[in-house]
Amino acid sequence: MKNLISYPKLLKSIGDELYKKLPDFDIICGVPYGGLPIALYISVTYNKPLIFVRDKKKGYGMQKLIEGEYKKEDRCIIIDDVITTGGSIKEAHEILKDEVNIVDTAVIFNRQESDIDVKFLYCRNDVIRYRLKNIKSDKNSNLIFSADLEDPQKIIDILEKIGKYISVCKIHIDTLDLDNYENNFIEELIKLSVNHNFLIMEDRKFSDISYIVEKQYKKIKSWTDLVTVHSFVSPETLSKITGGLIIESMSNIDYSFGKNSLELAESKKDNVIGFITQKRIGTGFFVCMTPGVSLEEKKEGDQNYRNYKEVDTDFIIVGRAIYNSVDPEEIVKKFLN
Ligand code: 6AU
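Residues numbered from 1 in each chain as written. Predicted model: local features only at pLDDT ≥ 70, side-chain atom pairs only at ≥ 80, totals over all residues. Heavy atoms only, no water.

Draft legend 1. Just the sheet that holds strand β17 (residues 315–318), in detail. The parallel closed barrel is built from eight strands, whose spatial order is β7-β8-β9-β10-β11-β12-β13-β17. The average angle at which neighbouring strand axes cross in this sheet is 30°, direction not considered. By the bridge criterion, four bridges tie strand β10 (residues 226–230) to strand β11 (residues 244–247) in an arrangement that is parallel. When the bridges of β11 are listed, Val227 appears paired with Gly244. (Pairing = 2+ DSSP bridges. Helix = DSSP H or I, 4+ residues; strand = E, 2+ residues; numbered from the N terminus. Axes fitted to C-alpha atoms, helices over the stretch in contact; angles between N-to-C directions.)

Structure (structure tokens):
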């Protein structure tokens, strides 16, 4: 983001797009350094005077903390490049709150790790959606590998062979025997996901109130791109996660929360990627992923397998048919045919 100044045309179009999202205002405040170039562009282009705040921590002593001219009634927009936890934006708010009339805060990229309400051009969820779409088309693969083996080493070994063919690797972290594994499984998994270009999904099926899901998600956010969540959660719960996949229906029992799922997803577009579902729902903005898939139709315990050729959603999720086979690579190629 800091390199944006090296791409003036890009900086300009980003500035124009961000400006369109802003309410009426009189002055604009850039948060140094990241927010300054974009705030200056908007200031000059749209004739809105610029101010900026100094960093309190850097000990400017008695010097003033706000540079530029302003009046108390000025409607002010605070601009930064990225919001992560929101620390520097909070600091800017603190400095400005009694000096001007703050009407909004806007950033180019929202990492979605803060509760502060900001306008933004892109967020973490957009990046996940974009990457999933690109990986699928680059690899020509609609395959999600469900790595439900207890032995982490076995997962790593299989991924070394099939990583290049899959779009996503899905795990249930709470089923793994991590105590007896000598390496850091998550680190290994991330390395493989980078080398072979696939996303990581934690199949947690969140189902609690937002206060709890927020805590649960914090424990896994650093390594998971996608995460499953039940369709009966509240929109507030959904707002605590990114890369969400709403369980619309299950492969083992006959129910469908189609309407709920779609309404829920529509209400939180910045938190949802799509659905885990047996049939396609929605208009294509949200992706549809289908588990309970094998080379042929069959029943195993309560799992109902469909033949992969019968599934018409965007992705198939396949576990045992791959990892229980003698040659996972050969089987993966069959699923991709
Ligand atoms: O191919 P399998 O049967 O070995 O594995 C299927 C995987 C498992 C299940 O937890 C999961 O898909 N699953 C899900 C998901 C993804 O949420 C929903 C569902 O309805 N059925 C299902 O099997 O990891």
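Draft legend 2. Fine view of the site of the ligand. If you check the shell around the ligand, you find 18 residues, and the closest are Asp148, Lys170, Ser251, Tyr305 and Arg320. Lys170 is positioned with one of its side-chain polar atoms (N or O) 2.7 Å from an oxygen atom of the ligand. His172 has a polar side-chain atom sitting 3.0 Å from an oxygen atom of the ligand. Coverage of the ligand by the protein amounts to 92% of the 510 Å² it exposes when considered alone. Because more than half of its atoms lie within 2 Å of the grid, the ligand is assigned to the second largest pocket. Of all the secondary-structure elements, those providing two or more residues to the shell around the ligand are β9 (199–206), β16 (303–307) and β17. (Near = heavy atom within 4 Å. Polar contact = N/O pair within 3.5 Å; in protein donor to acceptor, adjacent residues only side chain to side chain. Areas by Shrake-Rupley, 256 points an atom, 1.4 Å probe, with all protein chains shown as cover. 1 Å grid on protein atoms, 1.4 Å probe; cavity = no way out; pocket = protein on both sides within 12 Å on 5 of 7 lines; lining within 4 Å. Sits in = over half its atoms within 2 Å of the grid points.)

Draft legend 3. Structural detail: the packing of aromatic side chains. A complete count under the given rule lists nine aromatic pairs for this structure. With a centroid separation of 6.1 Å and 70° between ring planes, the pair formed by Tyr19 and Phe25 is classed as edge-to-face. Ring centres 5.0 Å apart and planes at 50° place the aromatic pair Tyr255 and Phe257 in the tilted group. Residue classification places Tyr255 among the partly exposed positions, given a relative accessible area of 23%. These aromatic residues form a ring-pair network of at least three members: Tyr19, Phe25 and Tyr46. The ring of Phe25 has Lys48 lying over it, and the distance from NZ or CZ to the ring centre is 4.9 Å. In this structure, Lys269 packs its charged tip against the face of Phe285, placed 5.8 Å from the ring centre. (Phe/Tyr/Trp six-rings, centres within 6.5 Å; stacked < 30°, edge-to-face > 60°. Buried < 20%, exposed > 50% of the residue type's maximum accessible area, 1.4 Å probe, protein only. Lys NZ or Arg CZ within 6 Å of the ring centre and 35° of its normal.)

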